[in-house]
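The primary structure of each chain is shown beneath.
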Amino acid sequence: MRTLNWLHVLIALLLFAVGACSSGKPRKDNEKSLVSVAIVKLVNVSKQANYDYLSESLTDATQSSMDKKFVYFHIPADQVTDLYAEAAEQGGNPSESSMRSLALKIDADLVIFGYYKTSAEKKGDSAEIVFNVLRTDKGTTIAKISRTAAISAKIFNDIESIATTVVAKIADYRAEQIKESGIQEVQKKGEKIQFTRESLNIAPFIPPAF
């Protein structure tokens, strides 16, 4: 009986260790200088269950576009659940302050979030898609786009195009920040952009002492 009890304890410890490891990857030393980005699943404000797949598609397309453009630190999806819950509770349009507060808890420098609203039309259903990009240290929105796409066989092409536009706006904002700060940067053609905190002039976050 005692052996069985120890076996149960050992299994519980192993499960806890696995859960801790899967809860998110810590930053490596060479990643600490990178901008950390939380990509939040878009909210289906129309609550049409048959169009829930658009949320995953939009999120995946955004991450794919970010991965093609930048070297950055992507915050794991299981760490952004509170951000999604806040966005969903506020109908996909939460306040900058509420998102900033939650984002700082997971050390996110940028938060990409938004919503989509589907509607039925004579020529077929469509979706209004809205993206926001929040800079958390300043609590300001640095990019916002709104697009309407027909829900048809071309919807995935449209989603990819919208995600590319979002990432392009982030790249434009970064370029503006570099120009303002006077940083000299050499970017080789075809290489990914090193998306560093320095390029956005983000000061290291120092938690308050108690």
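Peer 1: How do you make sense of the confidence of the model for the chain when you look at a structure like this?
Peer 2: Any region with low pLDDT has predicted coordinates that should not be read closely. Predicted confidence across the chain gives a mean pLDDT of 85, with 80% of residues reaching 70 or more. Taken together, the stretch residues 1-24 has pLDDT below 50 and engages in six contacts with residues farther than four places along the chain or on a different chain.

Peer 1: Whenever I open this one, helix H2 (residues 53-69) confuses me. Can you help?
Peer 2: Because an α-helix completes one turn every 3.6 residues, residues spaced three or four positions apart along the sequence face the same direction. For H2, built from 17 residues, the straight-helix expectation of 24 Å at 1.5 Å per residue is met to within 8% by its first-to-last C-alpha distance of 25 Å. Inspection of H2 places Leu 54, Ser 55, Ser 57, Leu 58, Thr 59, Ala 61, Thr 62, Ser 65 and Met 66 among the buried residues, and these make up the whole buried set. Residues of H2 that are buried in the fold lie against strand S1 (36-39), strand S3 (70-71), strand S5 (110-119), strand S6 (126-135) and helix H5 (155-181).

Peer 1: In this structure, what is going on with the packing of aromatic side chains? I would like to understand it.
Peer 2: Centre distance and the angle of the planes are the two values used to describe a pair of aromatic rings. Under the criterion given, the structure shown has three aromatic pairs. Relative to Phe 195, the ring of Phe 70 has its centre 4.5 Å away and its plane inclined at 25 degrees; by these criteria the two rings are stacked. Note that Phe 70 is positioned in strand S3 and Phe 195 in the segment after strand S8 (193-194), a separation of 125 residues in sequence. Each member of the pair, Phe 70 as well as Phe 195, is classed as buried. Through pairs of rings, three or more aromatic residues link up here, namely Tyr 51, Tyr 53 and Phe 156. Positioned over the ring face of Tyr 84 is Lys 41, at 4.9 Å from the centre of the ring.

Peer 1: What is the right way to look at the environment of Lys 68 in this model?
Peer 2: Within the secondary structure, Lys 68 sits in helix H2. Residue class for Lys 68 comes out exposed when judged on its relative accessible area of 60%. Between the C-alpha atom of Lys 68 and that of Lys 192, which follows or precedes it by 124 residues, the distance is 7.0 Å. Discounting residues that sit within four places of it in the chain, Lys 68 has contacts with Glu 160 and Lys 192.

Peer 1: Sorry, what's going on with the pairing of S6 here?
Peer 2: Within a regular strand, the side chains alternate between the two sheet faces. Across the ten residues that make up S6, a large majority, nine, are buried. Of the strand pairs in this sheet, S5 and S6 are connected by ten bridges, and their pairing is antiparallel. Within the sheet, the bridge partner assigned to Ile 112 lies in S6 and is Val 133. Linking S5 back to S6 in an antiparallel pair, the connection comprises six residues, with Gly 124 at a positive phi of about 125 degrees. Remark: four residues form the turn of the hairpin made by S6 and strand S7 (residues 140-150), two consecutive strands paired antiparallel; Gly 139 in that turn has positive phi of roughly 65 degrees.

Peer 1: Would you mind going over the nonpolar core with me for this structure?
Peer 2: Taken as a class, soluble globular proteins show a tendency for nonpolar side chains to be buried jointly. In terms of nonpolar packing, the biggest core is built from 36 residues, with Met 66, Phe 70, Ile 112, Phe 131 and Ile 170 touching the most fellow members. Of all the elements in the fold, those that place two or more residues in this core are S1, H2, S5, S6, S7 and H5. If we skip the residues at most four places from it in the chain, Met 66 touches Val 37, Ile 39, Tyr 72, Ile 112, Val 167 and Ile 170. The next biggest cluster of nonpolar side chains, apart from the first, holds 14 residues, and it includes Leu 34, Ile 75, Leu 83 and Met 99.

Peer 1: Sorry, what's going on with the pattern of salt bridges here?
Peer 2: In a structure, side chains of opposite charge can pair up when their charged atoms sit close to one another. The full count for this structure, using the stated rule, is three salt bridges. A salt bridge links Arg 197 to Asp 107, with the nearest nitrogen and oxygen atoms 3.2 Å apart. Separated by 90 residues along the polypeptide, Arg 197 in the segment after S8 and Asp 107 in the loop between helix H4 (96-105) and S5 bring together distant segments of the chain. Look at Asp 107 and you get partly exposed, because its relative accessible area is 31%. The shortest N-O distance in the salt bridge between Asp 109 and Arg 197 comes to 2.7 Å. Within this pair, whereas Asp 109 is found in the loop between H4 and S5, its partner Arg 197 is found in the segment after S8, the two being separated by 88 residues in sequence. Pair check on accessibility: Asp 109 and Arg 197 agree, each one buried. When salt bridges with common partners are traced through the structure, they connect Asp 107, Asp 109 and Arg 197 into a single cluster.

Parameters at a glance
- Along each chain, residues carry numbers from 1 onward, in the same order as the chain's sequence is written.
- Note on the predicted model: pLDDT of at least 70 is required for a residue's local features to be given, and 80 or more for side-chain atom pairs to be given and counted; whole-chain, interface and lining totals, by contrast, use all residues.
- In computing side-chain values, all of the structure's heavy atoms are included and hydrogens and water are not.
- Confidence per residue, as judged by the predictor, is encoded in pLDDT with a range of 0 to 100.
- Residues are treated as being in contact if the distance between any of their heavy atoms lies within 4.5 Å.
- Only DSSP runs of H or I reaching four residues or more are called helices, and only runs of E reaching two or more are called strands; each is numbered from the N terminus.
- A helix is expected to reach a length of 1.5 Å times the quantity of its residues less one.
- Exposure classes here rest on a 1.4 Å probe applied to the protein chains alone. A residue is buried below 20% of its type maximum, exposed above 50%, and partly exposed in between.
- Between the rings of Phe, Tyr and Trp (Trp by its six-membered ring), a pair exists once the centres lie within 6.5 Å; its type follows the angle of the planes, with under 30 degrees stacked, over 60 edge-to-face, and the other angles tilted.
- Note on criteria: charge over ring means Lys NZ or Arg CZ within 6 Å of the ring centre, with the direction from the centre no more than 35 degrees off the ring normal.
- The rule for pairing is simple: two strands pair if DSSP sees at least two bridges between them.
- For this analysis, a nonpolar core means a set of buried residues of the types Ala, Val, Leu, Ile, Met, Phe, Trp, Tyr and Cys, connected via side-chain atoms within 4.5 Å.
- A side-chain nitrogen of Lys or Arg and a carboxyl oxygen of Asp or Glu constitute a salt bridge if their distance falls within 4 Å.

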